[in-house]
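Observations on the model geometry
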Amino acid sequence: MAKNFRKSLVKRTVHILLAICLLLAGSVGRIFYIQIVKGEEYAAKAESQQLSDTEVEAMRGTIYDNDGNVLAQSATVWTVYIDPANIEDDERELIVEYFTEQFELDDEEQAELIEKSQSDSRYYVVETKVENSKKEEISAFVSENKLTNCIGFTQSAERYYPYGSLASTVLGFVGSDNQGLAGIESYYNEELTGINGRIITATDAKSNSISADYETSVEAQDGYSLKLTINSTIQYYLEKGLQEALDEYQAKGCYGIVMNVNTGAVLAMASLPDYDCNDPYTITYSKYLDEIENAESDEEKVELQSAYRQNQWRNFTVSDTYVPGSVCKTFIASAALEEDVVSLDTTYTCTGSIQVDTYTMNCHYHAGHGTQTLTQGLENSCNPFFITIGQKLGVHNYFKYFTSFGFTEKTGIDLPGEASSQYYEEDEYGIVELSSASFGQTNSVTPIQLCTALCAVANGGTLYQPYLVSEIVDSDGNTVAKTESTAVRNVISEETSETVCSMLESVVENGTGKNAYVAGYSVGGKTGTSTKLGETSENEKDKYIVSFACIAPSDDPEIAMIIICDEPNQDLGGGAICAPIAASVVEAAMDELGIEPSYTEDELETLSTQTPSLIGESLSSAKETLENAGLTYKVMGSGDTVTRQSPSALSSIPSGGVVVLYTDSTEKETVEVPDFSGYTITEVNKLAASYNLNIEIAGNDTTSSLVIAYKQSESAGNEVEVGSVITVTFKSTEAVLD
């Protein structure tokens, strides 16, 4: 029995030992699995629970204009959040009440904040895009009430555009992730975007930060900044003129480019309607808003909103093509002179049309221009004349210069989405196609291609690549890259360039471009019109694109410009709609570029002068001073000494203008400015005299009855002092659809 007991004891002991060994083996295996097989994974999980890894967003680079003015800039903003799991009951009411007041939360938002503050979550965003001053205020509240574990901040960057819509289709904008979505912001996104930094902090079991001794940080590297070739003053006047035309003619769009002819630098570029870069999703054009408002269904409204947003973001000058019309006669004339198939002595008799194969091709002046020289043919924009020039040039030479001027290739401008031109290949031309192309039909080009080619005509014959970014600099101001002008090829000789520039000047002096006249400066230009074939129904009238190509000063060009109006609601050509815009931009550009005016004798006779300083002088002496200066006067009061005057001393006043002299304490006399629009120069002067106002004439000042006022420096209805100077701008309304 004892023997059996021992055997049983040994057996049980062995079983126990085996069980213990199995348990130990399992534990060892589990430890091996955890530490060796899954060691890295579990270590990473433990680290993630013990460390807080916060990304610090890098600042996006700043964008400047050519004078160093900030066009786009990033600033630090903060996201304010709460950690509900760390909020004690006695803290909750204080936090909710504070944030309700700080962020002006409504009842619904406050209720949501109360609900979220009672949850077990670790993160709830109270407010985003909080500026630094507000963040500092909240930080003081947190510190004062010992709420460090309850309220936190994360840093980010917000993009600001100080000038709103200025150059918006050039600059573009960024998305919610701070990535460029259009324009320069998109094209140079890699350069503008920096490298984000990190802050790694040890945390306790509740994910609260421990001592700063355990903190590691990697500084963010800010993006590079860009200096553009854009001149904000020229850009402003370009956009101002385009906006006025867009509103007046309810056009589909108005577009423009101004370039330095000697470098290819773009000084201004605009496509309207445009948008505010700070709020790119808001539609701005009143015509679009009316159409959306009158949509027949919600579905149509949504479709229109989407289409019009895309349209206002689109830079037509680079991303679209159009048939340029008669502005192309500039390049035909250049090619024909260069190939010596015509000269300035070449003449042609226009009868109003010309037969080409089985087609009758009309001149815009159906009665015919009669016999003209080459310059007169360009002045009159005579289609039959240029058809014969194109035929003399021939298909091969036409296409050679079409290619050489850059119309068969993209310009390579540093903007996204540049379109390719649409054109006939050399072997696709017959006599009809060549004849049509000779006055700017047949082929479609981009506005940037046309303006670039115009620079070549103006600068002595060299085609330059256009560009917008002149310099890239790092956050310390060091130059990373600098753009050098890139000459693509020589197209025409200096002699041909000078000849064509002189012809373009004659177009403004004597031809269809008179509205581009600017006192003190020689201006050259060419009008253009193209019919938008295939875009009108049987009962609709034709739709047009009208334009004006311009150079200034034409005797030594510095700038080239193209102004385009797409589908104006009146049958007026580029000379009536676009040339006046070009004139205002030329005047601003010449002043901005420091090019002094040179007035003719006729211009000097009508040039404004400075009003003499008369306050304190005797009335008799003041009268004598004004008479000697060729000015008239009106006396207010019964005193003998001048106590006040209008216009004020040293202000501009036209020759023969009236100065109001006050000789006692008589209150200044005011008058309501009349509406001068639609009146001739004679009528405006007569109307102004009846109101005792001085008129300074600007724009096209020929004596033709077709020249009428269309813009004034003081809006009709404004109250101004008697004697004030009102600048009234005139233009010809002659409707030449050339």
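Residues numbered from 1 in each chain as written. Predicted model: local features only at pLDDT ≥ 70, side-chain atom pairs only at ≥ 80, totals over all residues. Heavy atoms only, no water.

1. Comments concerning helix H22 (residues 619-628)
Test applied: Partly exposed residues are those whose accessible area sits between 20% and 50% of the maximum for their type, while under 20% is buried and over 50% is exposed, using a 1.4 Å probe and protein chains only. Think of it this way: any DSSP run of H or I at least four residues long counts as a helix, any run of E at least two long counts as a strand, and we number them from the N terminus. The arc in question is the one traced by the directions running from the helix axis out to the C-beta atoms. The contact definition used throughout considers only heavy atoms, calling two residues in contact when any of these lie within 4.5 Å.
For H22, the complete set of buried residues consists of Leu619, Ala622 and Leu626. The buried residues of H22 occupy an angular sector of 60 degrees when projected down its axis, which confines them to one face. Of the exposed residues in H22, the ones pointing more than 90 degrees away from its buried face are Ser620 and Asn628. Summarising the contacts, the buried residues of H22 are in contact with strand S23 (632-636) and strand S26 (658-662). Following H22 by one or two positions, Gly630 adopts a phi angle in the positive range, close to 75 degrees.

2. Describing a nonpolar patch on the surface
The condition that has to hold: Residues enter patches when their relative accessible area tops 30% and they take part in no salt bridge; the joining distance is 9 Å for like charges and 5 Å for the nonpolar side chains Val, Leu, Ile, Met, Phe, Trp and Tyr. For the area figures, the Shrake-Rupley method with a 1.4 Å probe applies, and any residue is considered shielded solely by the protein chains shown. Whenever a carboxyl oxygen of Asp or Glu lies within 4 Å of a side-chain nitrogen of Lys or Arg, that contact is scored as a salt bridge.
Where nonpolar side chains cluster on the molecular surface, the patch consists of Ile16, Ile20 and Leu24 and spans about 280 Å² of accessible area. Structurally, the position occupied by Leu24 is in helix H1 (residues 2-37).

3. A closer look at the sheet that holds strand S31 (residues 725-732)
The criterion, for reference: When DSSP finds two or more bridges between two strands, those strands count as paired. Each axis is a line fitted through C-alpha atoms, and for a helix only the stretch in contact is used; angles between axes span 0 to 180 degrees, taken between their N-to-C directions.
Spatially, S28-S31-S29 is the arrangement adopted by the three strands of the open sheet, whose pairing is mixed. The strands lining the two open edges of the sheet, one partner per strand, are strand S28 (694-699) and strand S29 (707-712). The mean inter-strand angle of the sheet, taken between neighbouring strand axes irrespective of direction, is 40 degrees. Bridging between S29 and S31 involves five bridges; their strand directions are antiparallel. Following the sheet pairing, Gln712 is matched in S31 by Val728.

4. Focus: the pairing of strand S13 (residues 359-362)
Here is the key point about a regular strand: its side chains alternate between the two faces of the sheet. Sheet topology places strand S12 (residues 353-356) next to S13; four bridges connect them, and they run antiparallel. Bridge pairing links Ser353 to Asn362 in S13. Connecting the antiparallel pair S12 and S13 is a turn made up of two residues, with Asp357 showing a positive phi of about 55 degrees.

5. Quick word on the side chain of Ser444
Mapped onto the fold, Ser444 is located in the loop between helix H16 (431-437) and helix H17 (447-458). Those residues within four positions of Ser444 in sequence are excluded, and the remaining contacts are Thr321, Tyr322, Val323, Ser421 and Gln422.

6. Details of the packing of helix H3 (residues 89-102) against helix H4 (residues 107-117)
Keep this limit in mind: The cut-offs work like this: below 35 degrees is roughly parallel, past 145 is roughly antiparallel, 65 to 115 is roughly perpendicular, and the gaps in between are oblique. What makes a crossing left-handed is the near helix being turned counterclockwise from the far one by less than a right angle; a clockwise turn instead makes it right-handed. Ten residue types, Ala, Val, Leu, Ile, Met, Phe, Trp, Tyr, Cys and Pro, are classed as nonpolar, four, Asp, Glu, Lys and Arg, as charged, and the remainder, Gly among them, as polar.
Running from amino to carboxyl end, H3 crosses H4 at an angle of 150 degrees, the nearest separation of the two axes being 10 Å. Our classification of the angle between H3 and H4 gives roughly antiparallel. Judged by the sense of rotation from one axis to the other, the crossing of H3 with H4 is right-handed. Every residue of H4 that contacts H3 at Arg92, Val96, Phe99 and Thr100 is listed here: Gln110, Leu113, Ile114 and Ser117. For the contact of H3 with H4, the residue count by class is four nonpolar, three polar and one charged.

7. A few points about unusual backbone geometry
Note the cis peptide between Leu272 and Pro273, where omega equals 10 degrees. Of note, the amide linkage connecting Ser646 to Pro647 takes the cis form, showing an omega dihedral of 0 degrees. Following the sequence through the fold, Pro647 ends up in the loop between strand S24 (644-646) and strand S25 (652-653). One non-glycine residue, Glu104, lies in positive phi territory at about 50 degrees. Residue placement: Glu104 occurs in the loop between H3 and H4. Non-glycine residue Asn692 carries a positive phi angle of around 55 degrees.

Shape descriptors only; they carry no functional weight alone.
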